[in-house]
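So you can see what is in the structure, the chains are spelled out below.
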Amino acid sequence: KMTGNALAAAPMVMFVPVVTAALLLLTYGLWSVVSVYLFSVGDIKSVANPSLPGGVAREVQFDDTQRYAFLYHLFGLFWIGAFLRAVAQMIIGFIGVSWYFAPQEDGKRKPQPRLTLKMVCAVMYHHLGSAALGAFLIALVQFIRAVFEYYVRQSEKYQNNPVIKLTVCCVRCCLWCVECCLRFINKMAYIFIGLTGKPFVTAACTGISYVGTNALRVGTLLVL
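Residues numbered from 1 in each chain as written. Predicted model: local features only at pLDDT ≥ 70, side-chain atom pairs only at ≥ 80, totals over all residues. Heavy atoms only, no water.

## Quick look at the overall build of the protein
Alright, step 1. Across its full length, the protein holds eight helices and four strands.
Alright, step 2. For the protein, the sequential pattern of α-helices and β-strands runs α-α-β-β-α-β-β-α-α-α-α-α.
Alright, step 3. The C-alpha radius of gyration of the protein comes to 24 Å, more than 25% above the 17 Å expected for a compact globule of 224 residues.
Alright, step 4. In terms of overall dimensions, the protein has C-alpha extents of about 85 × 40 × 30 Å along its principal axes.
Alright, step 5. Sorting the 224 residues of the protein into buried and exposed places 28% on the buried side.
Alright, step 6. Sequence-distant contacts, at least 24 apart, represent 64% of the contacts inside the protein between residues at least 6 apart.
Alright, step 7. By element, 68% of the accessible surface of the protein is carried by carbon and sulfur atoms, the whole surface being about 15,000 Å². (Helix = DSSP H or I, 4+ residues; strand = E, 2+ residues; numbered from the N terminus. Rg over C-alpha atoms; globule rule 2.2 N^0.38 Å. Buried < 20%, exposed > 50% of the residue type's maximum accessible area, 1.4 Å probe, protein only. Contact = heavy atoms within 4.5 Å. Areas by Shrake-Rupley, 256 points an atom, 1.4 Å probe, with all protein chains shown as cover.)

Below, the structure written as C-alpha cells:
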C-alpha cells in the first residue's frame, strides 16, 4: 500500500529503470565496438597446427600494452554499469525518502510536484561522487571475479585435481559473498544519503550501525 501511494505521488519514477536500461544497452554496444577495434590491433602470425590441411594456422597475438588496455577497458565497463545502476538506486531511494517524510496536513502528505525531477537534480548536483565510489567498489570485485574466472579457464588441465576444484569453489563463493555484502551496504548507504545528506562513507557506516542495532527487525522486513 505504501509503495503504491509513493508511486502515485511520483509516477515518473517508473521511467528511471527504463532510462537506466537504455543507457546500459548503449554502454554495452559502445563497449563491444571498441572491443572489436582493440582485438583488431594485434599482430597476425603463423603458427604450426598439424590438424589443419596445410599444417599452418594464423592467430592474433597481443603485446602487454594491448592486454593492459583491454583490462582497463573491461574495468571501465564494470564501473560504468555499476555507476548507472547506483544513480538509479539513489534516485528511487531519494524519491521514497522524500515522499515518506513529507510534511502532513490533516493526516495526509502534502503533494510534491515534480518530485522525480527534483530528486534527479539532487543526485546529479550533489551525490554523483557517492554513486561513483559505491560503483567503484562493486566494479572492483566484479573485475577480480572476471580475472579469476579467466585464469581458471586457462588452467583447465588442473581441473581434475579435487584440491584445486575445492579451492576454486571456495574462492568463487567468497567473491560472490563479498559482492552481495557490498551491494547491500551500498543500498543502505544510498538510503541514508537521502535521509541525512552525508557522504558515502559516513552514510554507509550509519547504515551498517543501524542494521547492527536493529538486526532482528531488518531481517524480518527483508524476509517478508
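## Some remarks on the packing of aromatic side chains
Alright, step 1. All chains considered together, the criterion is met by nine aromatic pairs.
Alright, step 2. Aromatic pair F75 and F143: ring centres 5.7 Å apart, planes at 90°, arrangement edge-to-face. Of the two residues, F75 sits in helix α3 (residues 64-100) while F143 sits in helix α5 (residues 128-154), which places them 68 residues apart along the sequence.
Alright, step 3. Residue F75 is classed as buried on the basis of its relative accessible area of 17%.
Alright, step 4. Taking the relative accessible area as the measure of exposure, F143 reaches 18% and is therefore buried.
Alright, step 5. Three or more aromatic residues joined by ring pairs form one cluster here, namely F75, W79, F136 and F143. (Phe/Tyr/Trp six-rings, centres within 6.5 Å; stacked < 30°, edge-to-face > 60°.)

## Some points on helix α6 (residues 162-196)
Two residues of an α-helix separated by three or four positions point the same way, owing to the 3.6 residues in each turn.
Alright, step 1. Over its 35 residues, α6 runs 50 Å from end to end, which matches the ideal 51 Å to within 8%, given 1.5 Å per residue.
Alright, step 2. Among the residues making up α6, those that are buried are V168, L175, E179, L182, N186, M188, A189, Y190, F192 and I193.
Alright, step 3. Looking at the buried residues of α6, the elements they touch are α3, α5 and α7 (200-213).
Alright, step 4. Directly beyond the C-terminal end of α6, a positive phi value near 75° is found at G197. (Expected span 1.5 Å × (residues − 1).)

## Some points on the pattern of salt bridges
Alright, step 1. Considering all chains together, one arrives at three salt bridges under this definition.
Alright, step 2. Across the pair E179 and R145 runs a salt bridge whose closest N-O atoms are separated by 2.6 Å. Of this pair, E179 sits in helix α6 while R145 sits in helix α5, and the two are 34 residues apart along the sequence.
Alright, step 3. Judged by relative accessible area, which is 7%, E179 ranks as buried.
Alright, step 4. Two residues, E179 and R183, come together in a salt bridge whose shortest N-O distance is 2.8 Å. Of this pair, E179 and R183 both sit in helix α6, four residues apart, roughly one helical turn.
Alright, step 5. The partly exposed category is assigned to R183, whose relative accessible area is 39%.
Alright, step 6. Among the charged side chains, a network of salt bridges with common partners joins R145, E179 and R183. (Salt bridge = Lys/Arg side-chain N within 4 Å of Asp/Glu carboxyl O.)

## Describing the confidence of the model for the protein
Alright, step 1. Residues with a pLDDT of 70 or more make up 91% of the protein, whose mean pLDDT is 84.
Alright, step 2. Within the protein, helix α8 (residues 215-223) has the poorest average pLDDT of any element, 67, and helix α2 (residues 15-39) the best, 92. (pLDDT = per-residue confidence, 0-100.)

## Things to note about the nonpolar core
Alright, step 1. Of all hydrophobic cores here, the largest spans 25 residues; its most connected members are M90 and I95.
Alright, step 2. When residues of this core are traced back to their parent elements, those giving at least two are α3, α4 (115-126), α6 and α7.
Alright, step 3. A per-element tally of this core places α3 first, with eight residues.
Alright, step 4. Those residues in contact with I95 that sit more than four places away from it in its chain are A10, V13, L115, T116 and M119. (Core = buried A, V, L, I, M, F, W, Y, C linked by side-chain atoms within 4.5 Å.)

## Digging into a nonpolar patch on the surface
Alright, step 1. Together, L7, M12, M14, F15, V19, L23, L26 and L30 line one region of the surface with nonpolar side chains, adding up to about 770 Å² of accessible area.
Alright, step 2. The biggest single contributor to the nonpolar patch is α2, with five residues.
Alright, step 3. Mapped onto the secondary structure, L26 falls in helix α2. (Patch = residues over 30% accessible without salt bridge, like charges linked within 9 Å, V, L, I, M, F, W, Y side chains within 5 Å.)

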